[in-house]
Amino acid sequence: MDDQGGAHLGWGFTHTQYSADHGVPDATRRAGALLSGQPMPQNQHLMGWGAENPEPAPGRYDFEALDQRVELMRATGAAPVLTLCGAPDWMKGGRKGRTDWSRLEAAPDPRHFADFARLAGVVARRYPDIRHFLVWNELKGFYDEDKRRWDYEGYTELYNLVHAELKRQNPECLVGGPYVVVDHEPPGDEDGSPEVRGAWGALDRRSVDVIRYWNKYKVGADFVVVDGASYTREGHRTIPDEFAATEKFTDVTRWLRNVTGLPVWWAEWYVEPPAEDDRAGGRDGWSEQHRTAVQATAMTRLALGGAATALYWNPQRIEGDCPGCLWRSTHLDDGGGGLPMARLLGRFAREFPPGTVFRRVDVSAEAGARIHVLAHESVVLVVNTERRQVMASVDGQELTLAPYEVRWLDG
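Now for a look at the structure at hand.

The rules behind the values
Residues numbered from 1 in each chain as written. Predicted model: local features only at pLDDT ≥ 70, side-chain atom pairs only at ≥ 80, totals over all residues. Heavy atoms only, no water. Helix = DSSP H or I, 4+ residues; strand = E, 2+ residues; numbered from the N terminus. Contact = heavy atoms within 4.5 Å. Buried < 20%, exposed > 50% of the residue type's maximum accessible area, 1.4 Å probe, protein only. Phe/Tyr/Trp six-rings, centres within 6.5 Å; stacked < 30°, edge-to-face > 60°. Lys NZ or Arg CZ within 6 Å of the ring centre and 35° of its normal. Polar contact = N/O pair within 3.5 Å; in protein donor to acceptor, adjacent residues only side chain to side chain. Axes fitted to C-alpha atoms, helices over the stretch in contact; angles between N-to-C directions. Parallel < 35°, antiparallel > 145°, perpendicular 65-115°, else oblique. Left-handed = near helix turned anticlockwise from the far one by under 90°. Expected span 1.5 Å × (residues − 1). Core = buried A, V, L, I, M, F, W, Y, C linked by side-chain atoms within 4.5 Å. Pairing = 2+ DSSP bridges. Right-handed = clockwise from strand over helix to strand, strands pointing away.

Within the element layout of this structure, Thr 16 appears in the loop between β1 (10–14) and α1 (25–37). Beyond its immediate chain neighbours, meaning those up to four positions away, Thr 16 contacts Trp 49, Gly 50, Arg 69, Trp 313, Asn 314, Pro 315 and Gln 316.

Below you can see the structure in the form of structure tokens.
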């Protein structure tokens, strides 16, 4: 399904603090060639995550860093996406002309909601080729500690002002929210919502409340956007295990489609539980084979749920070791080359765009082994979810799969 002008952009990624716009020239060229070879949606934040303060003082703009990221997206053939998050300090009680990066995640003061919307309009005029906008990120700064819930009223007020301004600048702009984290609790937890649940657990009631309120009181939306992980909000448990827990992505996507009637965007998704008590967490503690196998399974769950767009949060670093990154750091002389996650994301984007018609595949494996598959008419993706070698039969082919192997078969 080719819907580059609509809400169904398919599989892409988000630029973070470090990306391919800086580094050793040969390395940045290699990374650029990697991205150009498989153009896909690329997302950048307005302020932070690689961009500077866009309006340090009222009416005084600094778009140099953001210009560089937008130019990278243009040069590599991306469908560009902008997340309107990060408010200048003077909009949130800080000093004009100063940037306190420790307060990046503070929300603008309600008195400055209209100023933030106006800034969104300035950005839309500056980059007329950007048509897809996410309003804010994870409701940062909108949690009401007294009420112990999200300030969805305040967020929705901000969203509506930004939506109206973007549509005023260009009616063809596509706008989405509320970009809430769809956390979940273990099965049976009293904080879990009865609306969305599975063997993996149940959505946090507070997240469900955000979706319900925003959906009722928004002035309009072209898509609904969330992010979330396959592990629990507290304890970071993957239930029943790291592979089966990814069924959450299918269940939540289908629920969102049913509740809102809108295309569903996942601005971020995560499968590796973070470090606990100074122990190595998933990203640093899992092998690249293990990580890629779980990510491949999670992506199939998103696809089966009918996700319109899914953006991988690229955790790029400048040093050599970069677990889960898309390319080797461009700050290294030999950097810029694609890593396993880039190969998976690129192939998946090509083979399983939104609207793909999936087919059933006959699968059998030796006793106790679990094999996960996703297939359309001419391709089968096979994932060995075991940490050992497995003999399996997939779609009539006899296979010997290495531990956590991800393999593509011609259908």
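With respect to the element layout, Glu 105 can be found in the loop between β3 (80–84) and α3 (113–126). A relative accessible area of 47% means that Glu 105 is categorised as partly exposed. Taking the C-alpha atoms as reference, Glu 105 lies 31 Å from Asn 258; in sequence the two are 153 residues apart. Not counting the four nearest positions on each side in its chain, Glu 105 is found in contact with Lys 140 and Gly 141.

In this structure the tally under the stated criterion is 22 aromatic pairs. Centre to centre, the rings of Trp 136 and Phe 142 are 6.3 Å apart; their planes meet at 90°, and the pair counts as edge-to-face. Per residue, the accessibility class of Trp 136 equals that of Phe 142, and both read buried. Measuring from centroid to centroid gives 5.9 Å for Phe 142 and Tyr 155, while their planes differ by 90°, and the two rings are edge-to-face. With Phe 142 in the loop between β4 (132–135) and β5 (143–144) and Tyr 155 in helix α4 (residues 152–169), this residue pair connects regions lying 13 residues apart in the sequence. Geometry around Tyr 152 places Arg 149 over its ring, the cationic atom sitting 4.2 Å from the centre.

As a further point, take the side chain of Glu 138. In this structure, Glu 138 sits in the loop between β4 and β5. Here Lys 140 takes part through its side chain, which lies 2.9 Å from a polar atom of the side chain of Glu 138.

Attention now goes to the packing of helix α6 (residues 247–260) against helix α8 (residues 288–305). Their axes nearest at 7 Å, the elements α6 and α8 cross at an angle of 25°. Taken together, the axis directions place α6 and α8 in an arrangement best described as roughly parallel. Two packed elements cross with a definite hand, and for α6 against α8 that hand is right-handed. Taking contact as the criterion, the partners of Glu 247, Phe 249, Thr 250, Thr 253, Arg 254 and Arg 257 in α6 are, on α8, Ala 298, Arg 301, Leu 302, Leu 304 and Gly 305.

Take α6 next. An α-helix turns once per 3.6 residues; consequently, residues spaced three or four apart project the same way. A rise of 1.5 Å per residue sets the reference length of α6, with its 14 residues, at 20 Å; its end C-alpha atoms lie 20 Å apart and thus fit the reference within 8%. Along α6, the residues classified as buried are Lys 248, Phe 249, Thr 250, Val 252, Thr 253, Trp 255, Leu 256, Val 259 and Thr 260. Count one or two residues on from α6 and you reach Gly 261, which has phi positive near 70°.

Counting residues in each nonpolar core, the largest one holds 114 residues, and the members touching the most others are Trp 11, Trp 265, Trp 266 and Trp 269. Setting aside chain neighbours within four positions, we find Trp 269 in contact with Trp 11, Gly 228, Phe 249, Gln 295, Ala 298, Met 299, Leu 302, Ala 310, Leu 311 and Tyr 312. Counting residues in each nonpolar core, the second largest holds 12 residues, with Val 361, Val 380, Val 382 and Val 394 among its members.

Here β4 shows two buried faces, one formed by His 132 and Leu 134 and the other by Phe 133 and Val 135. Two strands pair when backbone bridges link them, and β3 and β4 are joined in this way by four bridges, in the parallel orientation. By the bridge assignment for β4, Val 81 is matched with His 132. Read from β3 through α3 to β4, the crossover connection turns out right-handed. Relative to strand β7 (residues 174–181), β4 is paired through three bridges, and the arrangement is parallel. When the sheet's bridge partners are listed, Phe 133 is paired in β7 with Val 175.

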